[in-house]
Each structure stands twice: as C-alpha cells, then as structure tokens.
Amino acid sequence: MPTSQRLVLDRRGSSVWEIESERGRYAAKLGYPNESGEGPAQPWTALAPAREGHILNMLNEEPTAFGEWEEGTWNVQPWREGPNLWQLWEGCRVPGSTTEPHQSVALACAEVLAELHGKGWTHSDLQPAHFVVGPERTHLIDLALARGGNVARGFDFPFRGCLVHYEAPEISRSVLETGWAEPTQASDIYAFGASLFISATGVRAVEYPDDAPRAVQRQAIVDGRHRDVTMPGPMRSVVREMLRYDPKDRPTIHEVGKALS
C-alpha cells in the first residue's frame, strides 16, 4: 500500500515508478511489448523487468521481487537516490564553461563497474543514466541486459544491441550482420568511455546525424568515425584508450580505475 507514487519513465516498452511506503522507497518497473520506433514490435521488452529481477537476486543485491502481469513482467527493487552521471556533469556542458568533470566521480563509476566485472558479469547497457551517484555510494542500475549467469529460460532473450551511442564497434557490426551480439567486458569499457565523453562534452564519441536510422548509426560506428577526445583534464588519455576500436587494445576496468586514481 504505497503512500506516494511518481511516474519516472514510460517509453520503449518500460514504465518505471518511484514508490514510497511504510517499508521504504522502491523502484517499480513494468515491461510490455515495445511497439514504437523502427521495425516490428519488440516483445523482449516485456520480459526485461523479470530478467533484471532474476539477475539482481543472483548478484546477491538487496532482495528484488519480480513476476508476470497481463502484458509482460514486473519487478520491485530498492530506489537508488542521487543524480546520474549525465545530470551531475551538466555544468561541464554549458557553452563557455570552465568547469571540469570531477575525476573522483569517474573513479566511483569505475569502482562499481569493477564490482560487476569481478563477479564475472557484463552490464551490456552502460550509459550515463545508469550510473547513479548517491550520497554514500555510486550504484549501477538497469541490469536487464546483463550477461554472466544462467537466467530462467522463460525470462531470457538474445542481446540485440543497446542505445547505439554507446555500442562498441564489434557490437554494432554483429547486430548489423546477424541481428544479435555477445557483449563482453571490453564492450562495457567502450560504453563506459563513451558515457564519460558525452557527459563531459555533450558530444557523442562517433559522429552521425541525429535522425539517421539505427542501421546508418551503427555503420558509422563500424566505420570508426570517432571524434577526437577533447575532454579537459587528465581523463582525456584514459577515455581515448577506452574508446580504442579493437577490443583487445582497451584497458580492463581495473586498469581504468588505476589510471583514474
């Protein structure tokens, strides 16, 4: 019986609510088939909340309830308080600003990703909105696409790519050629670097028209149309390494953390 509720997001096959009750604050997610955007409906979005709930429980996070409803699946998990990476570095993107992105924030994000990689998992959908910088610690949220363990068959689905701005070249190439891909910790590193870059500068790591079809955007990533990393401060060199075209040339998350510290 919630005492208050607020709709946070309702798009692309997912609704997210912030809910307060006598037991605390929670995020409630509802999944349903995504019938908007390019191409046919994407039924996998209906399974994503239950898949995430299963993964969170496997990762020994705080207990997450999940189940099914008439249009898909749902989960209820603890609410993570704090601005995300994009929001936190907003001042860096103001034209003419001399504000530099805090390296300590990037390090905190690297540390929470290192925890996930240390458990043998990849996030597979890293983007600035998924790093929540809380008052006590940084959280990595939205693990519905994560890979690393056996997910219940009824809730599992193939990985068909993520938000294109943060896709590594090998992921975009595989999606273009086969319709699916296999995320790796190296592709996570690329996505993390792209997240830091765009959050600090407001500019994507790869240049393509905003309104281009996804296939065109992915081809630009495969073609390696990288912008020069112009981030101010000492993060520039490590982000350049994270955005290396060949996954074998990218640092591990532990090497990233060492560089940032």
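With that out of the way, let us pick up the side chain of E18. Mapped onto the fold, E18 is located in strand 2 (residues 14–21). Within the structure, the side chain of E18 is placed 2.7 Å from the side chain of R6, a separation counted as a polar contact. Each residue touching E18, except ones within four places of it in the same chain, is listed here: S4, Q5, R6, V8, R25, Y26 and W79.

What follows deals with the packing of helix 7 (residues 235–242) against helix 8 (residues 253–260). Viewed as axis vectors pointing N to C, helix 7 and helix 8 meet at an angle of 170°, and their least axial separation amounts to 10 Å. It follows that helix 7 is roughly antiparallel to helix 8 by the angle criterion. Along its contact with helix 7, which presents M235, V238 and M242, the element helix 8 presents V256, A259 and L260. The residue inventory of the contact of helix 7 with helix 8, partitioned by class, reads 6 nonpolar, no polar and no charged.

This part is about the packing of helix 4 (residues 169–178) against helix 6 (residues 214–222). At a minimum axis distance of 8 Å, the contact between helix 4 and helix 6 shows a crossing angle of 135°. Our classification of the angle between helix 4 and helix 6 gives oblique. With respect to the hand of their crossing, helix 4 and helix 6 are arranged in left-handed fashion. Mapping the contact onto sequence places P169, S172, R173, V175 and L176 in helix 4 and A215, R218, Q219, I221 and V222 in helix 6. Looking at the contact of helix 4 with helix 6 residue by residue, the classes come out as 6 nonpolar, 2 polar and 2 charged.

Let us look at the packing of aromatic side chains. Per the stated rule, a full pass over the model turns up 3 aromatic pairs. Plain terms: the ring middles of F66 and F155 are 6.0 Å apart, the flat faces sit at 85° to each other, and that makes the pair edge-to-face. One end of the pair, F66, is in strand 4 (residues 65–69); the other, F155, is in the loop between strand 7 (138–140) and helix 4, with 89 residues separating them in the sequence. Where F131 meets F192, the ring centres are 5.2 Å apart and the plane angle is 35°; that geometry is what we call tilted. Remark: F192 occurs in helix 5 (residues 185–201) and F131 occurs in strand 6 (residues 131–133); sequence separation between them is 61 residues. Look at F131 and you get buried, because its relative accessible area is 0%. Classification of F192 as buried rests on a relative accessible area of 0%. Its guanidinium or amino end placed over the ring of F157, R51 lies 5.4 Å from that ring's centre, counting from NZ or CZ. Its end group placed over the ring of W86, R93 keeps NZ or CZ at 3.5 Å from the ring centre.

Our next topic: helix 1 (residues 48–58). Since there are 3.6 residues in each turn of an α-helix, residues three or four apart along the chain are aligned in direction. Of all 11 residues making up helix 1, 9 are buried, and the element is well covered by its neighbours. Residues A48, P49, A50, R51, E52, G53, H54, I55 and L56 constitute the buried set of helix 1. Residue N60 follows helix 1 closely and has a positive phi angle near 65°.

Thresholds applied
- Counting of residues starts from 1 at the beginning of each chain's written sequence and follows it residue by residue.
- Local features in this predicted model are restricted to residues whose pLDDT is 70 or higher, and side-chain atom pairs enter the listing and the counts only when it is 80 or higher, whereas totals over whole chains, interfaces and linings include all residues.
- The basis for the side-chain values is all heavy atoms of the structure; hydrogens and waters are excluded.
- Working definition: helices are DSSP H or I runs of at least four residues, strands are E runs of at least two. Numbering for both runs from the N terminus.
- The term polar contact refers here to a pair of N or O atoms within 3.5 Å; inside protein, the definition further demands a hydrogen-donor-capable atom paired with an acceptor-capable atom, and it admits residues adjacent in sequence only when both atoms are side-chain atoms.
- Any two residues whose heavy atoms approach within 4.5 Å at even a single point are treated as in contact.
- Only the contacting stretch of a helix is used when fitting its axis, a line to C-alpha atoms as for every element, and angles between N-to-C directions run 0 to 180 degrees.
- Comment on the angle field: the value is read as roughly parallel under 35 degrees, roughly antiparallel over 145, roughly perpendicular from 65 to 115, and oblique elsewhere.
- Amino acids are sorted into nonpolar (Ala, Val, Leu, Ile, Met, Phe, Trp, Tyr, Cys and Pro), charged (Asp, Glu, Lys and Arg) and polar (every other residue, Gly among them).
- A clockwise turn of the near helix away from the far one marks a right-handed crossing, whereas an anticlockwise turn of less than a right angle marks a left-handed crossing.
- The aromatic pairing rule takes the rings of Phe, Tyr and Trp, using the six-membered ring of Trp, and pairs them if the centres are within 6.5 Å, calling planes under 30 degrees apart stacked, those over 60 edge-to-face and the rest tilted.
- Each residue is assigned to one of three classes by its accessible area relative to the maximum for its type, calculated with a 1.4 Å probe on protein chains only: buried under 20%, partly exposed between the two thresholds, exposed over 50%.
- Either the NZ atom of lysine or the CZ atom of arginine qualifies as a charge over a ring when it sits within 6 Å of the ring centre and within 35 degrees of the ring normal.

Scope: geometric values only; no functional claims are made or implied.
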